[in-house]
Amino acid sequence: MKDKSLIEERIKAIRATLPQGVTLIAVSKYHPAEAIEAAYSAGQRDFGESKAQDLAAKHKLLPPDIKWHFIGHLQSNKIKYIAPFVHLIHSIDSYRLLEEVNKHGAKNSRRIPCLLQIHIAQEETKFGFAPAECMKMLDEGKWRELEYIEINGLMCMASNTDDKKQIANEFAAVQQLFKEIKERHFASKNNFSIISAGMSDDYPIAIEHGSTHIRIGSSIFAG
Ligand SMILES: *Cc1c(COP(=O)(O)O)cnc(C)c1O
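Residues numbered from 1 in each chain as written. Predicted model: local features only at pLDDT ≥ 70, side-chain atom pairs only at ≥ 80, totals over all residues. Heavy atoms only, no water.

Caption draft 1: Main features of helix H5 (residues 95–107). In a regular helix each residue adds 1.5 Å, so 13 residues correspond to 18 Å; H5 covers 19 Å between its end C-alpha atoms and thus fits that length. Those residues of H5 not exposed but buried are Tyr95, Leu97, Leu98, Glu100, Val101, Asn102, His104 and Gly105. Those residues of H5 that are buried are in contact with helix H4 (79–82), strand S4 (88–92), strand S5 (112–118), helix H6 (131–140) and strand S6 (149–156). In the segment just after H5, Ser109 is the residue with positive phi, at about 50°. (Helix = DSSP H or I, 4+ residues; strand = E, 2+ residues; numbered from the N terminus. Expected span 1.5 Å × (residues − 1). Buried < 20%, exposed > 50% of the residue type's maximum accessible area, 1.4 Å probe, protein only. Contact = heavy atoms within 4.5 Å.)

Okay, here's the thing in structure tokens:
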């Protein structure tokens, strides 16, 4: 693990560059509890994990005021580990998964905050709804019957490329989709307000295109 002061410095340096209203999520996957504690002591409270069991284990070990974000591909049989306390699930990639999360929300008597993951990158390997598919799912309206989830916005990952123009175009497309969805389905809902976009290498571009939540891992925790 990197020493504590280095993690603290990095957190503070990133924070200092962020416009008001942008939330920094420190992506602590693969890093031990001590690394999270170092970030915590720099005032960081939002952390992201991509494996449900890891997230649950760290939740048990670490201070209760941490907001845990789930950012990985979520399998239905793993929802139970995070459902009681997760702050936000960023990675809803099918209607079926939304229904499954809803069941776990009911079991825990809580509405679970969720984002719809949009597949925007060129890579085949990334998960998520195609933009048209997402709109179709929302237009169909069955999700309105799900009382134990709350759809608070969109999440995306840009292509892994050095082509900044392409990355910008992808983030811009998600921002446009967000606006259309907001107008059509959430115009009166204040909590539909989140665009989770941008990682260590591309977050300044994401912020230029409306990102409200950036997910930063290696720039904080890596060697
Ligand atoms: C790992 C991960 C991140 C953080 O990526 P870095 O490049 O390390 O900042 C962000 N989002 C998701 C979905 C991830 O899996």
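Caption draft 2: Fine view of the packing of aromatic side chains. All chains considered together, the criterion is met by four aromatic pairs. Here the aromatic rings of Phe186 and Phe192 are separated by 4.2 Å at their centres, their planes lie at 5°, and the arrangement is stacked. Of the two residues, Phe186 and Phe192, both sit in the buried class. These aromatic residues form a ring-pair network of at least three members: Trp143, Phe178, Phe186 and Phe192. One cation-aromatic arrangement involves Arg45 over Tyr40; the distance from NZ or CZ to the ring centre is 3.5 Å. (Phe/Tyr/Trp six-rings, centres within 6.5 Å; stacked < 30°, edge-to-face > 60°. Lys NZ or Arg CZ within 6 Å of the ring centre and 35° of its normal.)

Caption draft 3: A look at the layout of surface pockets. Taken as a whole, the largest pocket encloses approximately 760 Å³ of empty space. Lys29, Met157, Met199, Ser200 and Arg215 are the residues nearest the centre of the largest pocket, which is lined by 31 residues in total. Of all elements in the fold, only helix H7 (164–185) and strand S8 (213–216) reach the threshold of two or more residues within the lining of the largest pocket. Tallied by class, the residues present in the lining of the largest pocket amount to 11 nonpolar, 12 polar and eight charged. Taken as a whole, the second largest pocket encloses approximately 170 Å³ of empty space. (1 Å grid on protein atoms, 1.4 Å probe; cavity = no way out; pocket = protein on both sides within 12 Å on 5 of 7 lines; lining within 4 Å. Points joined across faces, edges and corners; volume = space filled by probe spheres on them. Nonpolar A, V, L, I, M, F, W, Y, C, P; charged D, E, K, R; others polar.)

Caption draft 4: Inspection of unusual backbone geometry at higher detail. Within the chain, Tyr30 stands out as a residue other than glycine whose phi angle is a positive 70°. Mapped onto the elements, Tyr30 comes out in the loop between strand S1 (23–27) and helix H2 (33–41). Since its relative accessible area comes to 64%, Tyr30 is described here as exposed. A positive phi angle is found at Ser109, which is not glycine, with a value near 50°. For Ser109, the position within the fold is in the loop between H5 and S5.

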